[in-house]
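Residue-level structural notes
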Amino acid sequence: MQNTVIIVAAGKGKRMGTQISKQFLPICGKEILAWTVDVFEKSDWIQEIVLVASADGLQDVQALCEKYQWKKVSDVILGGKERQDSVANGLAVLKEDTEMVLVHDGVRPFVTEQMIADSIAAANIYDGAVIGVPVKDTIKICSADGVAEKTPNRSLLWQIQTPQTFRKDIIQKAYQYAKEQAFLGTDDASVAEFAKNRVKVVLGSYRNIKITTKEDLIVAEAFLKEAQT
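First, a word on scope: everything that follows refers to the structure included in this document.

1. A look at the overall build of the chain
Along the backbone of the chain there are seven helices and eleven strands. Against the 2.2 N^0.38 benchmark of 17 Å for 229 residues, the chain shows a C-alpha radius of gyration of 17 Å, consistent with a compact globule. Over its C-alpha atoms, taken along the principal directions, the chain stretches across nearly 50 × 40 × 35 Å. Relative to its 229 residues, the chain shows a buried fraction of 48%. When contacts within the chain are restricted to residue pairs at least 6 apart in sequence, those whose partners lie at least 24 apart make up 73%.

Structure (structure tokens):
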């Protein structure tokens, strides 16, 4: 099976509060994006990698490809205004023989080979699969002015991560339908769900964090140092 991962690295990192976009920040001597790409470069489940970058970061991503000589990276392309636009651009350059598509955040470097394998296996049974973990905290639904209105059953709530995995034809059709209906989802699964597809949530790990704040950098560095000891 020809499996391609689209790694979205077009974020600006506003919540990080740094001049450098978060995907290029170094942790333990290597850029966050490089840690992420390395996992898929070494994975037996992945044959091709498509990197999606912002206009400001396109040359930086290309420079990383030169620096690390990733053999599986086939394209470095320009992202769009929204994450959904960036993924759509990635879907547009997939090779004809691609069967399964994984979409992954460039700043989520702690994805594992097991998560990749589990998501592909589930996507072969359902219309798609996403990695996630049960929420730990009580969640409140609040009004616009911050007043708690409802407390959903925590046992039914999952915190969704990436990779999010689909057969190519399913996710391409879902994205086309979303475009026609002017629907903007919060992730790829929501786009697939909008097109009436069944998406399976597969247990991931609380370590599979998305690095978006300075606090996340501290946690990520601790994870990497632990792994290197």
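2. A word on the pairing of strand β6 (residues 100-105)
For β6, the tally of buried residues reaches six of six residues, placing the bulk of the element in the interior. Pairing between strand β1 (residues 3-9) and β6: six bridges, direction parallel. Residue Val8 lies in a different strand from β6, and its bridge partner there is Asp105. Bridge count between β6 and strand β10 (residues 158-167): four bridges; the pairing is antiparallel. For Leu102, the partnering residue across the bridge sits in β10 and is Thr165.

3. Side note on a nonpolar patch on the surface
The grouping of Trp158, Ile160 and Leu203 at the surface amounts to a nonpolar patch, some 270 Å² of accessible area in total. The exposure class of Leu203 is exposed, given its relative accessible area of 53%.

4. Remarks on the environment of Ser43
Turning to its location among the elements, Ser43 is positioned in the loop between α1 (32-42) and β4 (48-53). By relative accessible area, Ser43 is classed as buried at 2%. Considering only alpha carbons, one finds Ser43 and Ile116, 73 residues apart in sequence, at a separation of 8.4 Å. Setting aside its immediate chain neighbours within four residues, Ser43 contacts Lys72, Glu113 and Ile116.

5. Quick look at the nonpolar core
Counting residues in hydrophobic clusters, the biggest one holds 29 residues, and the most contacted among them are Phe40, Ile49 and Leu51. Going through the elements one at a time, β1, α1, β4, α2 (58-68), β6, α4 (113-125) and β7 (128-134) are the ones with two or more residues in this core.

6. Section: the side chain of Ser190
Relative to the elements of secondary structure, Ser190 occurs in helix α6 (residues 188-194). Assessed through its relative accessible area of 13%, Ser190 is described here as buried. Looking at Ser190, its side chain comes within polar contact range of the main-chain nitrogen of Thr186, at 3.0 Å. The contacts of Ser190, once residues within four sequence positions are left out, are Phe183 and Gly185.

7. Thoughts on the packing of helix α3 (residues 83-92) against helix α5 (residues 168-180)
It is at 11 Å that the axes of α3 and α5 come closest, and there the two elements cross at 135 degrees. Classified by the angle their axes make, α3 and α5 are oblique. Taken as a pair, α3 and α5 cross one another with a handedness that is left-handed. Where α3 abuts α5, its residues Gln84, Val87, Ala88 and Leu91 lie against Ile171, Gln172, Tyr175 and Ala178.

8. As for the sheet that holds β7
Spatially, the seven strands line up as an open sheet ordered β5-β4-β1-β6-β10-β7-β11, and their pairing is mixed. The open sheet terminates on both sides in strands that have one partner only, identified here as β5 (73-78) and β11 (199-203). Mean inter-strand twist for the sheet, computed between neighbouring axes without regard to direction, equals 25 degrees. Contacts from α2 reach β4 and β5 within the one sheet, and its direction differs from that of β5 by about 165 degrees.

9. Topic: α2
Of all the positions in α2, only Val61, Leu64 and Cys65 are classed as buried. Buried residues in α2, looked at end-on, bunch into an arc of 100 degrees, giving them a common side. Across from the buried face of α2, at angles greater than 90 degrees, the exposed residues are Gln59, Glu66 and Lys67. Looking at the buried positions of α2, the neighbouring elements they touch are β3 (30-31), α1, β4 and β5. One or two positions beyond α2, positive phi appears at Gln69, with a value near 55 degrees.

About the criteria used
- Residues numbered from 1 in each chain as written.
- Predicted model: local features only at pLDDT ≥ 70, side-chain atom pairs only at ≥ 80, totals over all residues.
- Heavy atoms only, no water.
- Helix = DSSP H or I, 4+ residues; strand = E, 2+ residues; numbered from the N terminus.
- Rg over C-alpha atoms; globule rule 2.2 N^0.38 Å.
- Buried < 20%, exposed > 50% of the residue type's maximum accessible area, 1.4 Å probe, protein only.
- Contact = heavy atoms within 4.5 Å.
- Pairing = 2+ DSSP bridges.
- Patch = residues over 30% accessible without salt bridge, like charges linked within 9 Å, V, L, I, M, F, W, Y side chains within 5 Å.
- Areas by Shrake-Rupley, 256 points an atom, 1.4 Å probe, with all protein chains shown as cover.
- Salt bridge = Lys/Arg side-chain N within 4 Å of Asp/Glu carboxyl O.
- Core = buried A, V, L, I, M, F, W, Y, C linked by side-chain atoms within 4.5 Å.
- Polar contact = N/O pair within 3.5 Å; in protein donor to acceptor, adjacent residues only side chain to side chain.
- Axes fitted to C-alpha atoms, helices over the stretch in contact; angles between N-to-C directions.
- Parallel < 35°, antiparallel > 145°, perpendicular 65-115°, else oblique.
- Left-handed = near helix turned anticlockwise from the far one by under 90°.
- Arc of directions from axis to C-beta.

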